[in-house]
Amino acid sequence: MLSDKVQAALNEQINMELTSWYNYLAMSAFCEHRNFRGCAQWLRMQSDEELGHAMKLYNFMQVRHCPVVLSAIASPVTQYESIPAVFKLALAQEEKVSASINALYELALNEKAFAEVVELQWFISEQVEEERTARAIVAKFELIKDDPSALLDMDRELGERRPEPEPGGAA
Ligand SMILES: [Fe+2]
Ligand SMILES: [Fe+2]
C-alpha cells in the first residue's frame, strides 16, 4: 500500500496538471481574443496535453488502488501584458511543474514506492521537453520584439502545431 505522503503528493500533482490545463486555456483565450490565432491554437493544444497529464496520473492511481482526491483548481490569470508575456509565464509554469515532479520523484524514492518511481520517469522526460520547447519560443519572441511581420510569422509557425498521441492511453 502506498504511504499517505505519496498518495497526497500524487493527488497534489493531479491538481497541478489541472491548474496548468486551466492556465493554458486562459492564455489561449487571451491570444484568440487578440487575433493571434496561431498562438491560441498552440496554447489550446498545450492545455489538452496538460489534461492528458492529469488523466495519466488519475488512471495510474486507480490502477494502484489509490484513492483519487480532486480539489479546487485556482482561477487562472486572465490579463497578460502582451503575447510574448504569455509565453514567459508558460515557461515559468513549466519550470514550477518540473520542480514539483522532481520533488515527487524524490519522495517516491525515499518511500520506496518503486512503481511510482517508474511512472514518474515519464513525467521527468516530458518536463525536459516541455521546458525546452517553451524556452525556444520565449527566445524567439525576445528576438522579434515589436516587429509586426516577424510576430505574424511566429503566430503562423505556432499555429502549425498538431496534436500528439495521448500519453499512456487508457488505463
Ligand atoms: Fe504537465
Ligand atoms: Fe506542461
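Everything numeric in this text was worked out from a predicted model, so none of it was measured. (Residues numbered from 1 in each chain as written. Chains lettered and ligands numbered in written order. Predicted model: local features only at pLDDT ≥ 70, side-chain atom pairs only at ≥ 80, totals over all residues. Heavy atoms only, no water.)

S.K.: Describe the coordination of the iron ion (ligand 1), naming the residues involved and giving the relevant values.
M.R.: Around the iron ion (ligand 1), the protein contributes the donor atoms E17 (OE), E50 (OE) and H53 (ND1), at 2.1 Å from the metal centre. Read in sequence order, the donor residues coordinating the iron ion (ligand 1) give the pattern E-x32-E-x2-H. Distance-wise, the iron ion (ligand 2) is placed 3.4 Å from the iron ion (ligand 1), both being coordinated by E50. Taken together, the residues span about one helical turn, with E50 and H53 both in helix α2 (residues 37-63) at a distance of three residues. Side by side, E50 and H53 carry an identical accessibility label, which is buried. (Donors = N, O, S within 2.8 Å, 3.2 Å for Na, K, Ca; no water. Helix = DSSP H or I, 4+ residues; strand = E, 2+ residues; numbered from the N terminus. Buried < 20%, exposed > 50% of the residue type's maximum accessible area, 1.4 Å probe, protein only.)

S.K.: Talk me through the state of the cysteines; I want residue IDs and the actual numbers.
M.R.: Under the defined criterion, the tally for this structure stands at zero disulfides. Unpaired in terms of disulfides, C31 finds its nearest cysteine sulfur in C39, a separation of 5.0 Å. (Disulfide = S-S within 2.5 Å.)

S.K.: Could you give an account of the side chain of E49, with specific residues and numbers?
M.R.: Among the secondary structure elements, E49 is positioned in helix α2. Exposure remark for E49: the relative accessible area of 15% places this residue in the buried category. Reaching out from E49, the side chain makes a polar contact with the side chain of R161 at a distance of 3.1 Å. Beyond its immediate chain neighbours, meaning those up to four positions away, E49 contacts E126, E130, R161 and E164. (Polar contact = N/O pair within 3.5 Å; in protein donor to acceptor, adjacent residues only side chain to side chain. Contact = heavy atoms within 4.5 Å.)

S.K.: Account for the coordination of the iron ion (ligand 2), naming residues and giving values.
M.R.: Surrounding the iron ion (ligand 2) are the protein donor atoms E50 (OE), E94 (OE), E94 (OE) and E130 (OE), which sit 1.9 to 2.4 Å from the metal. Classification of the site at the iron ion (ligand 2) as irregular follows from its four donor atoms and the range of 55 to 147° in their angles at the metal. Going along the chain, you hit the donors of the iron ion (ligand 2) in the pattern E-x43-E-x35-E. (Tetrahedral: all angles 85-135°; square planar, octahedral: opposite > 155°, others 65-115°.)

S.K.: Tell me about α2, and name the residues and values.
M.R.: Compared with the 39 Å implied by 1.5 Å per residue over 27 residues, the 39 Å span of α2 between its first and last C-alpha is a close match. Downstream of α2 by one or two residues, H65 has phi in the positive range, about 55°. (Expected span 1.5 Å × (residues − 1).)

S.K.: Which residues make up the packing of aromatic side chains, and what values do they have?
M.R.: Taken as a whole and assessed by the stated rule, the structure comprises five aromatic pairs. Judged by centre distance (5.4 Å) and plane angle (20°), the rings of W21 and Y22 are stacked. Assessed through its relative accessible area of 33%, Y22 is described here as partly exposed. Relative to Y80, the ring of F30 lies with its centre 4.9 Å away and its plane at 75°, an arrangement referred to as edge-to-face. Of this pair, F30 sits in helix α1 (residues 4-33) while Y80 sits in the loop between α2 and α3 (83-110), placing them 50 residues apart in sequence. The exposure class of Y80 is buried, given its relative accessible area of 9%. Aromatic ring contacts, followed pair by pair, group W42, F87 and F141 into a single cluster. Of note, K56 hangs over the ring of W122, and the distance from its end group to the ring centre comes to 5.0 Å. (Phe/Tyr/Trp six-rings, centres within 6.5 Å; stacked < 30°, edge-to-face > 60°. Lys NZ or Arg CZ within 6 Å of the ring centre and 35° of its normal.)

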